[in-house]
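Here is what each chain is made of, one letter per residue.
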Amino acid sequence: MKGFYTPRNHPIRWLLIHWFRTDARDLPWRRTRDPYAIWVSETMLQQTRVEQCIPYFERFMAAFPTVHALAEATLDRVLKVWEGLGYYTRARNLHRAAQIIAHDRHGNFPRDVEGWQALPGVGRYTAGAVTSIAFDVCAPVLDGNVKRVLTRVFNIAEPPDDARVEQRLWELAASLASRHPHPGEFNQALMELGAQTCLPAAPRCPTCPAWHYCKARLLGIQDHLPVSKPKKSVPHYDIVVAAIKKRGRYLIGKRPLSGLLGGLWEFPGGKVQPGESHEQALQRELKEELGITIKVGKLLAVVNHAYSHFKVTLHVFQCCHLSGKPRPNIHTELRWAAPREFSELAFPKANLKFLPLL
DNA sequence: AATCCGGGGAC
DNA sequence: GTCCCAGGATT
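Residues numbered from 1 in each chain as written. Chains lettered and ligands numbered in written order. Predicted model: local features only at pLDDT ≥ 70, side-chain atom pairs only at ≥ 80, totals over all residues. Heavy atoms only, no water.

1. A look at the protein's contact with DNA strand B
- Every one of the 21 residues lining DNA strand B counts as a neighbour, but Tyr88, Lys232, Leu261, His305 and Lys349 are closest to it.
- In the interface set of DNA strand B, defined as its atoms within 4 Å of the protein, sugar plus phosphate atoms amount to 65%.
- Contact between DNA strand B and Tyr87: a sugar or linking oxygen at 3.0 Å from a main-chain N or O atom of the residue.
- Residues that form the surface near DNA strand B fall into these classes: eight nonpolar, nine polar and four charged. (Near = heavy atom within 4 Å. Polar contact = N/O pair within 3.5 Å; in protein donor to acceptor, adjacent residues only side chain to side chain. Nonpolar A, V, L, I, M, F, W, Y, C, P; charged D, E, K, R; others polar.)

2. Re unusual backbone geometry
- The amide bond that connects Leu225 to the next residue, Pro226, takes the cis arrangement and shows omega of -5 degrees.
- Relative to the elements of secondary structure, Pro226 occurs in the loop between α12 (215-219) and β1 (236-246).
- In the Ramachandran plot, Gln47 falls in the positive-phi region, its phi being about 60 degrees despite a non-glycine side chain.
- Note that Gln47 resides in the loop between α2 (35-44) and α3 (50-63).
- Despite not being glycine, Arg247 has its phi angle at roughly 50 degrees, a positive value.
- When you line up the elements, Arg247 lands in the loop between β1 and β2 (249-254).
- Residue Arg247 is classed as exposed on the basis of its relative accessible area of 77%. (Helix = DSSP H or I, 4+ residues; strand = E, 2+ residues; numbered from the N terminus. Buried < 20%, exposed > 50% of the residue type's maximum accessible area, 1.4 Å probe, protein only.)

3. Side note on the protein's contact with DNA strand C
- Taken together, 25 residues lie near DNA strand C, and Arg30, Gly121, Thr126, Asp143 and Asn145 sit nearest.
- For DNA strand C, a phosphate oxygen lies 2.9 Å from a polar atom in the backbone of Gly123.
- Within the residue set of the surface near DNA strand C, elements represented by two or more residues are α8 (124-135), α9 (144-153) and α11 (183-196).
- Split into classes, the residues belonging to the surface near DNA strand C amount to eight nonpolar, seven polar and 10 charged.

4. Some words on helix α1 (residues 12-23)
- All of the buried residues along α1 are Ile12, Arg13, Leu15, Leu16, Ile17, Trp19 and Phe20.
- Structurally, α1 contributes buried residues whose contacts are with α10 (163-177) and α11. (Contact = heavy atoms within 4.5 Å.)

5. A few points about the packing of α2 against α3
- Packing of α2 against α3 brings their axes to within 10 Å, and their N-to-C directions diverge by 140 degrees. When the interaxial angle is binned, α2 and α3 end up oblique. Considering only the axes of α2 and α3, their crossing is right-handed. Residues Tyr36, Ala37, Val40, Ser41 and Met44 of α2 form the contact with α3, whose own contacting residues are Cys53, Tyr56, Phe57, Phe60 and Met61. (Axes fitted to C-alpha atoms, helices over the stretch in contact; angles between N-to-C directions. Parallel < 35°, antiparallel > 145°, perpendicular 65-115°, else oblique. Left-handed = near helix turned anticlockwise from the far one by under 90°.)

6. Focus on the pattern of salt bridges
- Summed over the entire model, instances satisfying the criterion amount to 18 salt bridges.
- With its nearest N and O atoms 2.7 Å apart, the salt bridge here joins Arg21 to Glu185. Placement of Arg21 in helix α1 and of Glu185 in helix α11 is noted, with a sequence separation of 164 residues between them.
- Overall, Arg21 belongs to the partly exposed group, its relative accessible area being 47%. (Salt bridge = Lys/Arg side-chain N within 4 Å of Asp/Glu carboxyl O.)

7. As for the domain arrangement of chain A
- Each assigned domain of chain A is listed here: domain 1 (2-224) and domain 2 (236-357).
- One C-alpha centre belongs to domain 1, the other to domain 2, and the line joining them spans 37 Å.
- Across the contact, nine residues belong to domain 1 and 15 residues belong to domain 2.
- For the pair domain 1 and domain 2, the summed buried area comes to about 920 Å², and 58% of that belongs to carbon and sulfur atoms.
- Considering only the surface of domain 1 that becomes buried against domain 2, Lys80, Glu83 and Tyr88 emerge as the three largest contributors, covering 48% of it.
- Linking domain 1 to domain 2 there are one salt bridge. (Domains from an automatic or database assignment. Buried area = accessible area lost by both parts, 1.4 Å probe.)

8. Describing the environment of Leu219
- Residue placement: Leu219 occurs in helix α12.
- Considering only alpha carbons, one finds Leu219 and Val113, 106 residues apart in sequence, at a separation of 37 Å.

9. Observations concerning the nonpolar core
- Counting 79 residues, the largest nonpolar core has Tyr36, Trp39, Met44, Phe60, Trp116 and Leu150 as its most contacted members.
- It is α8 that provides the largest number of residues to this core, a total of seven residues.
- Taken together, domain 1 (2-224) and domain 2 (236-357) each give at least three residues to this core, which thus spans both.
- Excluding residues that lie within four positions of it along the chain, Met44 makes contacts with Cys53, Tyr56, Phe57, Phe60, Trp82, Leu85 and Arg90.
- Core analysis: the second largest hydrophobic core is formed by 20 residues, Ile239, Ala243, Ala301 and Leu345 among them. (Core = buried A, V, L, I, M, F, W, Y, C linked by side-chain atoms within 4.5 Å.)

And the structure:
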């Protein structure tokens, strides 16, 4: 009588555990119960695929093996290891939280959801993941995978990004994890199922351990769930970038810690305004940002790049410094750097694409 | 409630 | 090209 299952006694509570123990991927952070390692992995995994995280996790743990090592490191070093992973606020919050744990908490990690969620960069998902996996706390997780699995298994026809629906999904996840003997394994199994089997497009229902209990599959509507809200179109900007070379060095600036690409170094430049030539835009931006006048030389590179909520085309020009001492108006720091120093500094991906040409 | 915040891989 | 990923902070 499939309709009589409640979340607290639902068969998937143990079916997924058995499936997970035989079919789960062997991931680096699954070989430990060190709360620090699990916390680092969960932070990297926010909005980021497992395969992309693996090399970053290995390098991060080698560079900062303990919360004390991370707390004592400079933010610039942390950002360099994080370079290319995106969402750089994660790295800064991880660093800040490590200092709170190392100093304020004398190296003691929180052991409950509330304690973890009080740390910067730790929300309800990460708090639930770390406490359930590292400490066997019966806390739920709700990520993109779990949302998809639950909307299908329980045939939830409303968009899971809607606040009310999301609240209902949290309650569902909490009921499933309630008094579970292995909450961490169960939570990982839910996510693993979403990543491996209950795929966004063309879910692999014939191999799914929840096949018999999935309401969407029983109705044949698994391909139509979850329903998503309409996406907004993203704007495109033309950006001009100056590679100002003087005695073998290039002028670069460090972006402010808050906002886009916070704390990363970049080559100066800015948006081309309507009706403006690339040369005019570059000269205006350099005057505004650095208080200098430049001569714009040849076009070195054109780079297309997509950010989370807009797209850009970078037009990179060789430039000469004509007059004015560079002063940081929007940057926190300026510096003349030789190409051999670039490997020590953290740059945005869009800049890394043209660095080899310099 | 809506927006901001990267980058990559599958399609 | 589109979609969306082991989300969180800010306004």
